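Listed below, chain by chain, are the residues.
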Amino acid sequence: MILWLWFCWGFSTSAGQPDSELMARYLEEELMADYSIMEQVARRVPRQAKFLQRLETRPRMSEFTVKSTIISRYAFTTVSCTMVNSGSEAREAVFEMQIPAAAFISNFTMSIGNKTYYGEVTGKEKKHNSDDKARHKKPPSPTDGRENGYETFKASVFIPRKMQAKFLLHYEELLQRRLGKYEYTVSIRPQQLVGRLRVEVNILENSGIVSLEVPPLRNSKHKGNGKVEGDVSPPPSTVVGHTKTLAKVTFNPSVVEQTRIARNGILGDFIIRYDVNRELSVGDVQILNGYFVHYFAPTDLPPLPKNVVFVLDSSASMVGTKLKQTKEALFTILQDLRPEDHFNIIGFSNRIKVWQQDRLVPVTPNNIRDAKKYIHNMSPTGGTNINGALQTGAKLLNDYIAQNDIDARSVSLIIFLTDGRPTVGETQSSKILSNTKDAIRDKFCLFTIGIGNDVDHRLLERMALENCGMTRHFQEDEDAASHLKGFYDEIGTPLLSDIRVDYPEDNVEQVTQNFFPNYFNGSEIIIAGKLINRTSDSLHVEVTASNSKKYILLKTDVAIDLPSRNDIRGVPGLEDGKGDKNYIERAWSYLTIKELLNSRLKSDDNQEKDYLMEKAKSMALTYNFVTPFTVLKMREAGLHSEPPQEEFISPSTDGIGEKLQSLQGHKAPPGIRRQQDKQRIKISKTSADGDPHFVIDFPSSKFSICFNIDGEPGDILRLVSDHKESGVTVNGQLIGAPAPPNGHKKHRTYFSTITILSNKPERSYLEITPKRIILDDGERLLLSCDRSAIVRSSSLEVSISANSNITVTIRDTISFVILIHHYKKPAPYQRDHLGFYISNSKGLSSVSHGLLGQFLNHEVQLLQESLNTSHQQVGQNQTEALQPNPTNTLKVKGRLVPVVWKQRRIYNGQQEVDCWFAKNNADKLIDGSYKDYLASHPFDTGNRFGTINSL
């Protein structure tokens, strides 16, 4: 029976699909259910079947397991593979694994029979031959010899007869966010059907996991586009489970299921995509045992305008599919340009052809149509003048920037595509690099794309690195059109420019790159560093950036967990007592080494390159990373050592703790006005707050008046109306709540929304609630009230002190402060609400109106009524001598208003104000009646009774 099984197993690959499935199913059911039975089969093949064994050309893979733990985007992966030689003589076994090119191998162990070999990371010896020869011998470029972002790890050993070999490979990587998702990929290409095949991925993200998806297995020919067409269901046998912060994904196909996917054992790439919860704030700052990592990826920002020049290779080598797919991609990309963008197209071979001479054109239907015609008529011919094309593109963009009044915060860039090496004009790579850098002069970024195997990967990569760009490489047989469109999608929506992330210099050291020219939608900025002062309770963080016409400052203090409660135990690839199990520290070392490698690649100074190489090598040796300057050497552990064991981790919320900290407003950098805490805000008493209670301060008269407005829920009150003069209007909408028991009111009302509108010098509005702020000045920006931030444009500044207050400054002459009132455990008659305070009214006109605005430029006289009903005017020095008397009277615009003496609490209940109170909804105190101040909608800009306008 067993003889028949192995005979069929050896020849079924040439049969049809049903026979293959039948054999696989029988083999699985009869022999593979128990791994020990499988091992017996390998050792008990009858002598009569020796001739069948000779037909076997390689050992059999009995087990292939991948286990991964992803903690806050940092992935630890362990690959375990067991191969069995059931033959009568030693045979060669080849363990092959494709790993992401961005990953660092951290350990490798193999056991052959009773011998165990472990990998030791050592430094490479410095080569004394010329750099060019060294590159020719073994290029250190991270893209050379790699298949579209992947490299192949290979180990070859001879397995003695009737024995097995076990391989354990560990690697680490920091996942990059592209197109709004993190993508983790495992290559499953064992080259044969496997009895036990399993992939298990555990994910822990304390900020919350969203959009978790497992697409179908991806074939190598479709790598890189990040999009799945057609069937989007997970591979068979995939199980996905997750909570808010934890996820576990397993893939465990049987032999039968493997044959249905691919009978040759090349299943493809197992992919997991996900994102985390995020908002406009300083981002997710995580701190552990003296190290921190900072993830910054804001959302809900309007895109910046682009000035883009497409430089496309149209040489003879682009003939056929490559040029056709490039044209298809450009047609789609042109359709995605926004109306505020400007663009031009350059085609190059041995000649340089510019579509629109000496200018960039706006995005209009006619220009898009003409650009498509130009691209359609491009024909492949001639050589490849890379230097000339880049010089032309850089000059075109530089001249456009210099000669036109472009938006200072627009993003300018060149997208360069080629499939070959320079053959015309300047052909020396070093000269092309220096010429390109001199032409661009750090004024814009260069993004490079290489197609096929003939491109100079190092040249394209270095050009992009030296000019703040990125590079991509696609194979000729891949879907270049979707790859090009996918790459453009990554950089086609810039949201911020000139991003700088600062930490106190006396608190941190060895911080990775903290200035970034651009932030693109769907990407992420990552900074890491070491803490100097470990006894500090918090780390201050400030992010400054530009968004369209606005300047943004985000700031916070992040609490530092002094105990080691966030320590991670049992991280794969780290043996007990070796290395630091701090995953944040490893993320910092990973980023630092990557930056050192990139800095060395960009450098032309040999002394500097040696220094960077030694620094990268030293850090790689410390953290056991295989890099271009370190190698993995195998050492024998001993004749009777134990075979390698897998070390995995199942993340637990108990071991991590919450690292998303609440954000509070604190210290501002030099040149930025400091925002005070809620209790210390220095503003005028003139306000509308609470139920709502109105206070009007008259500093020159040294007294205040106050009144209530008993409105209805849903009413919109016109607080300040100066639309025709200063262009400013403030409206407040009421929300209702039940009245306290035994009270005289039927209900309470509070301000739930404050709307501030301005039409000078340009149209803008703010809509403020206790939870969020909408700022729209032609571009919509959403801000959270629980995150400190400053947004500044040419005429407007919004400063948020987290969960405390919002200060709105218009043209530096008008300032309003909105207090945020939150209740942790609100009573039935309490609601989260807002208070409105006028801090500076100099910019409002003398005819401003509204419930508060009408008093800003008018004085009020306080009178005292005697017993014989004659009036006596009260002087300023006599005010304090007045006694609370129901016969006191105010004179307002010729009207006499009876008032009583009261005390009011303002500023969030922290300060008392003495005031003269006008009863009956401020009857006779205000012009007209209460109903005259009702706006029809939040954006009503009426500035006279009966006159209603809209912004």
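I will try to describe carefully the structure that is included in this document.

## Re the overall build of the protein
From N to C terminus, the protein includes 15 helices and 49 strands. Among the 951 residues that make up the protein, the fraction classed as buried is 55%. Across the protein, every contact between residues at least 6 apart in sequence was considered, and the portion connecting residues at least 24 apart equals 70%. With an accessible surface of roughly 41100 Å², the protein has 48% of that area assigned to carbon and sulfur atoms.

## Some points on the packing of aromatic side chains
Evaluation of the coordinates by the stated rule reveals 24 aromatic pairs. Ring geometry for tyrosine 291 against tryptophan 588: centres 5.3 Å apart, planes inclined by 45 degrees, an arrangement best described as tilted. Placement of tyrosine 291 in strand β16 (residues 291–296) and of tryptophan 588 in helix α13 (residues 583–602) is noted, with a sequence separation of 297 residues between them. You can call tyrosine 291 buried: its relative accessible area is 8%. An aromatic cluster of at least three residues, connected via ring pairs, comprises Tyr74, Phe76, Phe104, Tyr590 and Phe625. Directly above the ring of tyrosine 295 sits arginine 73, whose terminal nitrogen or CZ lies 4.0 Å from the centroid. Positioned above the aromatic ring of phenylalanine 917, the side-chain terminus of lysine 902 is 4.1 Å from the ring centre.

## Observations regarding the packing of helix α7 (residues 321–336) against helix α12 (residues 480–491)
Running from N to C, α7 and α12 point in directions that differ by 35 degrees, and their axes come no closer than 8 Å. The crossing of α7 and α12 is right-handed. Of the residues in α12, those in contact with Gln325, Thr326, Glu328, Ala329, Thr332, Ile333 and Asp336 of α7 are Ala480, Ala481, Leu484, Lys485, Tyr488 and Asp489. Within the contact of α7 with α12, the residues separate by chemical class into 6 nonpolar, 3 polar and 4 charged.

## With respect to the pattern of salt bridges
In this structure the tally under the stated criterion is 35 salt bridges. With its nearest N and O atoms 3.4 Å apart, the salt bridge here joins arginine 73 to aspartate 284. Here arginine 73, found in the loop between β1 (60–71) and β2 (74–85), pairs with aspartate 284, found in strand β15 (residues 284–288); they are 211 residues apart in sequence, far enough to count as distant. Neither arginine 73 nor aspartate 284 differs from the other in exposure class; each is buried. Connected through salt bridges with shared partners, the residues Arg73, Arg177, Glu205, Asp275, Arg278, Asp284 and Glu524 form a single ionic network.

## Regarding the packing of helix α9 (residues 386–403) against helix α10 (residues 429–440)
Here α9 crosses α10 at 5 degrees, and the two axes come no closer than 9 Å. Here α10 runs roughly parallel to α9, going by the angle between their axes. For the pair α9 and α10, contact is made by Ile386, Asn387, Leu390, Gln391, Ala394 and Asn398 and by Ile432, Asn435, Thr436, Ala439 and Ile440, respectively. Here the residues of the contact of α9 with α10 are counted per class, giving 6 nonpolar, 5 polar and no charged.

## Overview of the state of the cysteines
Taken as a whole and assessed by the stated rule, the structure comprises 2 disulfides. Residue cysteine 445 pairs covalently with cysteine 468 via a disulfide, S to S 1.9 Å. With the S-S bond torsion at -110 degrees, the cross-link from cysteine 445 to cysteine 468 turns out left-handed. Of this pair, cysteine 445 sits in strand β22 (residues 445–451) while cysteine 468 sits in the loop between α11 (457–466) and β23 (471–474); the two residues are 23 residues apart in sequence, bridging distant segments of the chain. Its relative accessible area of 3% is what places cysteine 445 among the buried residues. Judged by its relative accessible area of 34%, cysteine 468 falls in the partly exposed class. For the protein, the bonded cysteines connect in the pattern 1-2, 3-4 when numbered consecutively along the sequence.

## Notes on α7
For α7, with 16 residues, the first-to-last C-alpha span of 23 Å sits near the 22 Å given by 1.5 Å per residue. Buried residues of α7: Lys322, Leu323, Gln325, Thr326, Lys327, Ala329, Leu330, Ile333 and Leu334, and no others. Considering only its buried residues, α7 is in contact with β17 (306–313), β18 (342–348), α8 (365–376), β21 (411–418), β22 and α12.

## What about unusual backbone geometry?
Following aspartate 691, the chain continues into proline 692 via a peptide bond in cis, with omega recorded as -20 degrees. Tracing the chain through its elements places proline 692 in the loop between β31 (687–689) and β32 (693–698). Note that the residue after lysine 760, namely proline 761, is joined by a cis bond; omega there is -5 degrees. Mapping proline 761 onto the fold places it in the loop between β36 (747–758) and β37 (764–768). One non-glycine residue, serine 211, lies in positive phi territory at about 55 degrees.

Here is what the cut-offs are and how they apply
- Residues numbered from 1 in each chain as written.
- Predicted model: local features only at pLDDT ≥ 70, side-chain atom pairs only at ≥ 80, totals over all residues.
- Heavy atoms only, no water.
- Helix = DSSP H or I, 4+ residues; strand = E, 2+ residues; numbered from the N terminus.
- Buried < 20%, exposed > 50% of the residue type's maximum accessible area, 1.4 Å probe, protein only.
- Contact = heavy atoms within 4.5 Å.
- Areas by Shrake-Rupley, 256 points an atom, 1.4 Å probe, with all protein chains shown as cover.
- Phe/Tyr/Trp six-rings, centres within 6.5 Å; stacked < 30°, edge-to-face > 60°.
- Lys NZ or Arg CZ within 6 Å of the ring centre and 35° of its normal.
- Axes fitted to C-alpha atoms, helices over the stretch in contact; angles between N-to-C directions.
- Left-handed = near helix turned anticlockwise from the far one by under 90°.
- Nonpolar A, V, L, I, M, F, W, Y, C, P; charged D, E, K, R; others polar.
- Salt bridge = Lys/Arg side-chain N within 4 Å of Asp/Glu carboxyl O.
- Parallel < 35°, antiparallel > 145°, perpendicular 65-115°, else oblique.
- Disulfide = S-S within 2.5 Å.
- Expected span 1.5 Å × (residues − 1).

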